[in-house]
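What follows is each chain in one-letter form.
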Amino acid sequence: MSLEATIDVRGLRKRYGPTVAVDGLTFTVRPGQVTGFVGPNGAGKSTTLRLILGLDRPDEGAALIGGRPYGHLRKPLSEVGAMLDASAAHPARSARHHLLWLAHAGGLPARRVTEVLDQVGLASAARRAVGGFSLGMRQRLGIAGALLGDPPVLIFDEPVNGLDPEGVRWIRGLLRSLAAEGRAVLVSSHLMSELEDSADHLLVLGRGRLLTDTGVRELLDAASGGHTRLRTRDRGRAMAVLARAGARVASLDADTLTVSGLPAERIVELLGEHRVPFTELAGHRASLEEAYMELTRDAADYRAAGQRAEDGS
Ligand SMILES: Nc1ncnc2c1ncn2[C@@H]1O[C@H](COP(=O)(O)OP(=O)(O)OP(=O)(O)O)[C@@H](O)[C@H]1O
């Protein structure tokens, strides 16, 4: 693997007729990390990935893999692996033949085919026609194709889409291990929750623009840090005491409050001083989705679009 495992996108712009699909994107995907590329349907994720992979031409800007545009890579399969469409294999071909054909076209040895079939758990189905494969098996075959050249940069477009929980767990583990080997791994998804246990970094896209470029840990820490869940029989007095001290307090149910803006130790002190009884006090760990909502409280645009995506319309 080369050391230049990066994707650099600079001022990328692409328009289809009246639709601006990608609107001035700049970001870097770094080695040793899983970078989540998130946004609702139509946000421009697939277009960006196609531009990075030289499958479409940008109107402006550039996308570089290890410092060079895709078209200038000497051995593309060994420099970047991608799965954009899991149904790309010919249905009458066996999994093994499909990969042998790819390996041959990319100047790779046949032994790599055996290795990647093993790696994705398809060894026993290698001689079956792809047409009879389940969606999960097709995803695995697409991933095998991406891994064929042992590339330092990997791109997966919605790899989790339509998979059962076992398949989702497998893909998460694979993404993590590929990043742990020092590769740059870019994974798109239209759902933040799908990236919960796999992404180290997040690029959030809305209507062709980059809304957020952040580390997942920083995002979660910022959103989780200030929240404490408090259970008390005397909700009214607890709210009054804490609000007077500058906290933001909200009711969750008859005897539970969430408190933000004060550290847990200060909450305990205040409740003690004012003799407000409580039975439970716990730090709250935000989910990735909650953390992102907190960060973009004012970005109604993304949310409106995201909501439509969640509704499936
Ligand atoms: N070849 C094309 N011709 C015309 N419009 C296109 C083309 N490709 C993409 N678009 C439009 O560009 C916008 C971005 O689409 P894109 O597929 O990149 O979004 P996406 O974030 O990948 O969405 P999805 O999650 O649905 O795949 C959409 O409005 C789409 O209709």
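Just above, that's the structure.
Given the structure is predicted, the values throughout are model-derived calculations rather than measurements.

1. Here's the deal with empty space enclosed by the protein
- Under the definition given, this model contains one cavity of 30 Å³ or more.
- One number sums up the size of the largest cavity: a volume of about 40 Å³.
- Considering the residues around the largest cavity, the lining is formed by Pro159, Val160, Leu175, Val187, Ser188, Ser189, Glu194, Leu195 and Ser198.
- Sort the elements by how many residues they give to the lining of the largest cavity and strand E7 (residues 184–189) lands first, with three residues.
- Its residues assigned to classes, the lining of the largest cavity shows five nonpolar, three polar and one charged.

2. Examining the packing of helix H5 (residues 135–147) against helix H6 (residues 165–180)
- Packing of H5 against H6 brings their axes to within 12 Å, and their N-to-C directions diverge by 10°. On the basis of their axis angle, the class for H5 and H6 is roughly parallel. For the pair H5 and H6, the contacting residues are Arg140, Ile143 and Leu147 in the first and Glu166, Gly167, Trp170, Ile171, Leu174 and Leu178 in the second.
- Split by residue class, the contact of H5 with H6 holds six nonpolar, one polar and two charged.

3. Overview of the site of the ligand
- Of all residues adjacent to the ligand, which total 13 residues, the nearest are Gly42, Gly44, Lys45, Ser46 and Thr47.
- One nitrogen or oxygen atom from the side chain of asparagine 41 is found 3.1 Å from an oxygen atom belonging to the ligand.
- At a separation of 2.7 Å, an oxygen atom of the ligand approaches a polar backbone atom of glycine 42.
- Across the complex, the protein chains shield 60% of the 630 Å² of accessible surface that the ligand would expose by itself.
- Within the residue set of the shell around the ligand, elements represented by two or more residues are strand E2 (19–29) and helix H1 (45–52).
- Per-class residue counts for the shell around the ligand are four nonpolar, six polar and three charged.

What counts and what doesn't
- Residues numbered from 1 in each chain as written.
- Predicted model: local features only at pLDDT ≥ 70, side-chain atom pairs only at ≥ 80, totals over all residues.
- Heavy atoms only, no water.
- 1 Å grid on protein atoms, 1.4 Å probe; cavity = no way out; pocket = protein on both sides within 12 Å on 5 of 7 lines; lining within 4 Å.
- Points joined across faces, edges and corners; volume = space filled by probe spheres on them.
- Helix = DSSP H or I, 4+ residues; strand = E, 2+ residues; numbered from the N terminus.
- Nonpolar A, V, L, I, M, F, W, Y, C, P; charged D, E, K, R; others polar.
- Axes fitted to C-alpha atoms, helices over the stretch in contact; angles between N-to-C directions.
- Parallel < 35°, antiparallel > 145°, perpendicular 65-115°, else oblique.
- Contact = heavy atoms within 4.5 Å.
- Near = heavy atom within 4 Å.
- Polar contact = N/O pair within 3.5 Å; in protein donor to acceptor, adjacent residues only side chain to side chain.
- Areas by Shrake-Rupley, 256 points an atom, 1.4 Å probe, with all protein chains shown as cover.

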